[in-house]
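The lines below spell out each chain.
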Amino acid sequence: MAEGDDIQTLTSIMDALVRISTSMKNMEKELLCPVCQEMYKQPLVLPCTHNVCQACAREVLGQQGYIGHGGDPNSEPTSPASTPSTRSPRLSRRTLPKSDRLDRLLKSGFGTYPGRKRGALHPQVIMFPCPACQGDVELGERGLAGLFRNLTLERVVERYRQSVSVGGAILCQLCKPPPLEATKGCTECRATFCNECFKLFHPWGTQKAQHEPTLPTLSFRPKGLMCPDHKEEVTHYCKTCQRLVCQLCRVRRTHSGHKITPVLSAYQALKDKLTKSLTYILGNQDTVQTQICELEETVRHTEVSGQQAREEVSQLVRGLGAVLEEKRASLLQAIEECQQERLARLSVQIQEHRSLLDGSGLVGYAQEVLKETDQPCFVQAAKQLHNRIARATEALQTFRPAASSSFRHCQLDVGREMKLLTELNFLRAVPEAPVIDTQRTFAYDQIFLCWRLPPHSPPAWHYTIEFRRTDVPAQPGPARWQRREEVRGTSALLENPDTGSVYVLRVRGCNKAGYGEYSEDVHLHTPPAPVLHFFLDGRWGASRERLAISKDQRAVRSVPGLPLLLAADRLLTGCHLSVDVVLGDVAVTQGRSYWACAVDPASYLVKVGVGLESKLQESFQGAPDVISPRYDPDSGHDSGAEDATVEASPPFAFLTIGMGKILLGSGASSNAGLTGRDGPAASCTVPLPPRLGICLDYERGRVSFLDAVSFRGLLECPLDCSGPVCPAFCFIGGGAVQLQEPVGTKPERKVTIGGFAKLD
C-alpha cells in the first residue's frame, strides 16, 4: 500500500509539473521583445506602457538618426562589464577625463550646471517608433535615459528561463575570446566572472574586495527602481502623469497641482484591481470555455456560410456569363476581324510588358551598379542599363493599351452595362434611419417633406413614407398609417391634406437587403383654412418712389425716402408722413381663407391685415397724411371722431409690427383698423415669429393672426365683411414683406393623400 501511495503521489507531482510547464510555455509569447522576437533583456517601459529590450531600443534610435540618446537609465559607470576598454584584465583601465574637459562639456550644453536651466536652448524631442502599437512615442530630451526598467518583467523572464531550462552555461564577461565559464557573479559590479577575473577585479586591500560574490546570472537588477532624473528611489506615484516619482520630482514644477499618492497606496490599489480581475477570470473558467466553444462553432458556421456565399456568387456570375455568352455569339461574326486585329496588337503590348517582368531584378542590379566607384567601369556598365531603364520608364509613364476595348463603331454601346458591372459589389446592410430636415419640412397648401440619409449609411433604392392624423378619435388596436411605397429621391409633396389638422410623418429606406429603420416622427400642423393664392398689386395707393415690388409680385420693400428724413429733422415741430399701402390682387367674398407672409425684422413699422376693398381704395385715392413721425395708428393718438361707431365692425383689421416686435392690444379692437383707439398702457409686445399667418372667416366676420410656424394664436379681430375683402400691407418708413410661396410650385414628387387605404 505504501508503495502504491508513493507512486500515486509521484504521478500527481509529475502532472502538476507538466501543467506548470505547459502554462509557462503558453506564457512565452508575453515574454518576447517585439523588436528582436527574443526574450526580454533589461526591458524598458515606454510611455505607451509597452516594453522593449534596452539594446533593441538603442538600435532603433540609432536607425532613426538619434545619436547619444540610448543611455541605460540604471547603468553604473563603475561596472567593468559596461566599460569596453576593460573587457579583459589584460587591458588597461579607462582613464577619467580631465576636469577642464568636463567644464567644456558642461558649458557646451551637455548636462546642467549652476545658472543654466535644462532645455533652455530648444531641447530636441526624441520620438521612438513603438513596434507594438505602431505609433511614435515621445521620449523627451533625455531619450532612453528617462525610462524605467521593468524589473518585474525581468524577474518573470528569469523564472521562466529556470523553469524551461533555456540557455546553457553562463560565460565570463571579462575574458578574452574564447571566454571561460563563469563561476561567480557580483551584484555591485553587475557582471559575471571566472575565478581569475574575479580575483583581478576584486584585489585585496580595496573596497571592491568587500563585494559579496553571487551565483552567475544573465541579469543584474538594481535593488529597487531609481528615478531616471535624480537617481533617487521612487517613493510616490503621480496619478495625473501615471508615472513613478521621487521626492525631488514631487516638489518640482513639473508635477505642480498633480494628484500624487504614496507608492504603497498605488501598489495596493493596482494589486487589488489586478487580483479582483484575475479572480473573476479564474472563477469563470466555465464561461470562458463556453465562449471558446461558441467561437469555435461560429468558426464552423462561418466556413459553411462562406462556402454557400461563394457558391451563390459563382452561380450569379455564371448566369451573367451565360447571358453575355449568348449576346456575344450573336455579335461575334460581325466583330471577328476587328477583334483579331486588336488582339494581335494587344498581344504584342503584353509581351513588351512581360519583358519588364523578366527584368524584375533590374532595379536591384541598377542599385548595385551605382555602388561602383571605378568611373570607366561604371560608364561601360551603366550605358546599356540606362537605355533599358529609360525605355521601361517611358513605357510606364505613357502607358495606354495598343487597342481600345470599346466596339462603339459596331453600334454596340455597353457604357451603362459596364458601369453597373463596375459598381457591382456586396450589399453591406439595410439603410439606416433617415433624418428628416425640419428646417425645410413644412405644411402650407401642401405638405413638403424632406429628408437625408446619415453619413456612411448604405444606399437606399427607394423610400416608404407613412403618415396619419393625430387629432382624430383613437380607434382600438395599433395606430393606422397611410403609406406611399417606392418614393424616389429625398423629398416629396403630400397633396390635399386636411385643414386644421396635425399630421405625424416618418420615412424609411429600402434596398436589396430589406427595409431599414424608421426615422423619428415629425409632427406638422396644417393651416386652419384653405390657402389663398394671390399676388401683390401696386396699382392702388402704392408710390413707385417708395415701394418696390419684385418681379414675381410676391415681395415688396419700402424705402423711407425724403419724407421720413424731414420728419426726423422736424421731430418737435411736426411734419407730414405718408402711409404706403399695397393690396393683394384677389378679393374674398365667401368661406374661410388663409395666407402667410414673412416680415423683415428690421422693418420700421409694417401693418399686415385685411380690409374692405372699397374702403381701402377710397383711402388710397385720398389718403390723408399722418401728423408726426411718432404717430401710431393703433396707439390712440389720433382723433376720437370714430367713437360713435365703435359698436360696428371696422372695415380694416391690421397687426402692427415694428423693429422685430408685434404690438398687441388688450382687446380685439386694439388693432381693429387704421383709426382705432386704445391706451398705450394696455398694449404689450411679443417677438416677431419667422412667418405670420392670417386666417379670414368671411361668414363670421372675424380675422385671426397666427404664428405660421407653431400656429399659435396672436390676435383675433372683428371685420366688416359687407363687401369683397382684400389682403393689405401698410408701410411707414423702411420695411419689407415676403409672401410665402405655395408648396405646389416646387418641382418635387407629388404624393396624393386622399384615397389611400389605411394600413396597420
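Residues numbered from 1 in each chain as written. Predicted model: local features only at pLDDT ≥ 70, side-chain atom pairs only at ≥ 80, totals over all residues. Heavy atoms only, no water.

Re the sheet that holds strand β7 (residues 191-193)
For step 1, the next point in the chain: Taken in spatial order, the 3 strands line up as β7-β6-β8 in an open sheet, and their pairing is antiparallel. At either margin of the open sheet sits one strand with a lone partner, and together these are β7 and β8 (213-214).
For step 2, the next point in the chain: The sheet contact formed by strand β6 (residues 184-186) and β7 spans 3 bridges and is antiparallel. Considered in β7, the bridge of C186 is made with A191. (Pairing = 2+ DSSP bridges. Helix = DSSP H or I, 4+ residues; strand = E, 2+ residues; numbered from the N terminus.)

Overview of the pairing of strand β29 (residues 652-658)
For step 1, the next point in the chain: A large share of β29 lies buried, amounting to 7 of its 7 residues.
For step 2, the next point in the chain: Judged by which residues are buried, β29 turns out to be covered on both faces: F652, F654, T656 and G658 on one side and A653, L655 and I657 on the other are all buried.
For step 3, the next point in the chain: Two strands pair when backbone bridges link them, and strand β27 (residues 605-612) and β29 are joined in this way by 6 bridges, in the antiparallel orientation. Across the sheet, the residue bridging to V608 is L655, located in β29.
For step 4, the next point in the chain: Strand direction decides the pairing type here: β29 and strand β30 (residues 661-664), joined by 3 bridges, are antiparallel. Paired with T656 across the strands is L663, a residue of β30. (Buried < 20%, exposed > 50% of the residue type's maximum accessible area, 1.4 Å probe, protein only.)

Focus: the pattern of salt bridges
For step 1, the next point in the chain: Taken as a whole, this structure holds 11 salt bridges when the rule is applied.
For step 2, the next point in the chain: A salt bridge links D697 to R700, with the nearest nitrogen and oxygen atoms 3.8 Å apart.
For step 3, the next point in the chain: According to the relative accessible area criterion, D697 is buried, its value standing at 11%.
For step 4, the next point in the chain: Close ionic contact of E716 with R702 constitutes a salt bridge, the shortest N to O distance being 3.2 Å. Of the two residues, E716 sits in strand β34 (residues 713-718) while R702 sits in strand β33 (residues 702-707), which places them 14 residues apart along the sequence. (Salt bridge = Lys/Arg side-chain N within 4 Å of Asp/Glu carboxyl O.)

Observations concerning the nonpolar core
For step 1, the next point in the chain: Counting 51 residues, the largest nonpolar core has Y594, L655, I662, L692 and F729 as the members making the most contacts within it.
For step 2, the next point in the chain: Residue contributions to this core peak at 5 residues, all from strand β26 (residues 592-599).
For step 3, the next point in the chain: Here this core spans two domains, since at least three of its residues come from each of domain 3 (425-526) and domain 4 (536-621 + 649-666 + 683-739).
For step 4, the next point in the chain: Grouped together as the second largest cluster of nonpolar side chains are 24 residues, C33, L44, V137 and V156 included. (Core = buried A, V, L, I, M, F, W, Y, C linked by side-chain atoms within 4.5 Å. Domains from an automatic or database assignment.)

Observations regarding helix α2 (residues 54-63)
For step 1, the next point in the chain: Inspection of α2 places Q54, C56, A57, V60 and L61 among the buried residues, and these make up the whole buried set. The arc enclosing the buried residues of α2, seen along the axis, measures out at 160°, which places them on a common side. Opposite the buried face of α2, by more than 90 degrees, sit the exposed residues A55 and Q63.
For step 2, the next point in the chain: Buried residues belonging to α2 abut β1 (43-45), β2 (51-53), β3 (126-130) and β4 (135-140).
For step 3, the next point in the chain: Downstream of α2 by a residue or two, G65 has a phi angle that is positive, lying close to 95°. (Arc of directions from axis to C-beta. Contact = heavy atoms within 4.5 Å.)

Re the sheet that holds strand β11 (residues 260-262)
For step 1, the next point in the chain: Taking strand neighbours across the sheet as the criterion, the 3 strands line up as β10-β9-β11 in an open arrangement whose pairing is antiparallel. Strands with a single pairing partner mark the edges of an open sheet, and in this sheet they are β10 (243-245) and β11. For this sheet the average axis-to-axis angle between neighbouring strands, irrespective of direction, equals 35°.
For step 2, the next point in the chain: With 3 bridges joining them, strand β9 (residues 236-238) and β11 adopt antiparallel strand pairing. Residue H236 lies in a different strand from β11, and its bridge partner there is P262. (Axes fitted to C-alpha atoms, helices over the stretch in contact; angles between N-to-C directions.)

Digging into the packing of aromatic side chains
For step 1, the next point in the chain: Taken as a whole and judged by the stated rule, the model has 8 aromatic pairs.
For step 2, the next point in the chain: Between F193 and F198, the aromatic rings sit 5.7 Å apart at their centres with planes inclined by 75°, giving edge-to-face as the arrangement. You'll find F193 and F198 in the same group, each marked buried.
For step 3, the next point in the chain: We note R468 situated over the ring of W481; from NZ or CZ to the ring centre the distance is 4.7 Å.
For step 4, the next point in the chain: Residue placement shows R506 over the ring face of W481; its charged tip is 3.9 Å from the ring centre. (Phe/Tyr/Trp six-rings, centres within 6.5 Å; stacked < 30°, edge-to-face > 60°. Lys NZ or Arg CZ within 6 Å of the ring centre and 35° of its normal.)

Concerning a nonpolar patch on the surface
For step 1, the next point in the chain: Residues L320, L324, V414, M418, L421 and L424 make up a contiguous nonpolar surface patch of about 550 Å² in total accessible area.
For step 2, the next point in the chain: Position of L421 among the secondary structure elements: in helix α11 (residues 415-422). (Patch = residues over 30% accessible without salt bridge, like charges linked within 9 Å, V, L, I, M, F, W, Y side chains within 5 Å. Areas by Shrake-Rupley, 256 points an atom, 1.4 Å probe, with all protein chains shown as cover.)

Structural notes on the side chain of N51
For step 1, the next point in the chain: Structurally, N51 is set in strand β2.
For step 2, the next point in the chain: Judged by its relative accessible area of 17%, N51 falls in the buried class.
For step 3, the next point in the chain: With residues up to four places along the chain from it excluded, the contact list for N51 reads P34, Y40, P43, L44, V45, N150 and L153.

Observations regarding unusual backbone geometry
For step 1, the next point in the chain: Residue T49 is not a glycine yet carries a positive backbone phi of 75°.
For step 2, the next point in the chain: Residue position: T49 is located in the loop between β1 and β2.
For step 3, the next point in the chain: One non-glycine residue, F711, lies in positive phi territory at about 60°.
For step 4, the next point in the chain: Secondary-structure assignment places F711 in the loop between β33 and β34.
For step 5, the next point in the chain: Taking relative accessible area as the criterion, F711 reaches 17% and is therefore assigned buried.

Some words on the side chain of S704
For step 1, the next point in the chain: With respect to the secondary-structure elements, S704 resides in strand β33.
For step 2, the next point in the chain: When residues no more than four places from it in sequence are discounted, the contact partners of S704 are G693, I694, C695, L715 and E716.

What about the confidence of the model for the chain?
For step 1, the next point in the chain: Of all residues in the chain, 72% have pLDDT values of 70 or greater, and the mean over the chain is 75.
For step 2, the next point in the chain: A low-confidence stretch, residues 570-576 stays under pLDDT 50, and its non-local contacts, those more than four residues away or across chains, total 12 contacts.
For step 3, the next point in the chain: A low-confidence stretch, residues 747-760 stays under pLDDT 50, and its non-local contacts, those more than four residues away or across chains, total 44 contacts. (pLDDT = per-residue confidence, 0-100.)

Things to note about the pairing of strand β18 (residues 502-511)
The two faces of the sheet receive side chains in turn, since in a regular strand these alternate between them.
For step 1, the next point in the chain: Counting buried residues along β18, 10 of its 10 residues qualify, which places the element largely inside the surrounding structure.
For step 2, the next point in the chain: Residues of β18 alternate between two faces, with V502, V504, R506, R508 and C510 on one and Y503, L505, V507, G509 and N511 on the opposite face, all of them buried.
For step 3, the next point in the chain: As judged from the 4 bridges shared by β18 and strand β20 (residues 522-525), these two strands associate in the antiparallel manner. Across the sheet, the residue bridging to Y503 is L524, located in β20.
For step 4, the next point in the chain: Sheet topology note: the β18/strand β19 (residues 514-515) ladder contains 2 bridges and is antiparallel. The residue of β19 that forms the bridge with N511 is G514.
For step 5, the next point in the chain: A loop of 2 residues connects β18 with β19, the two strands running antiparallel in sequence.

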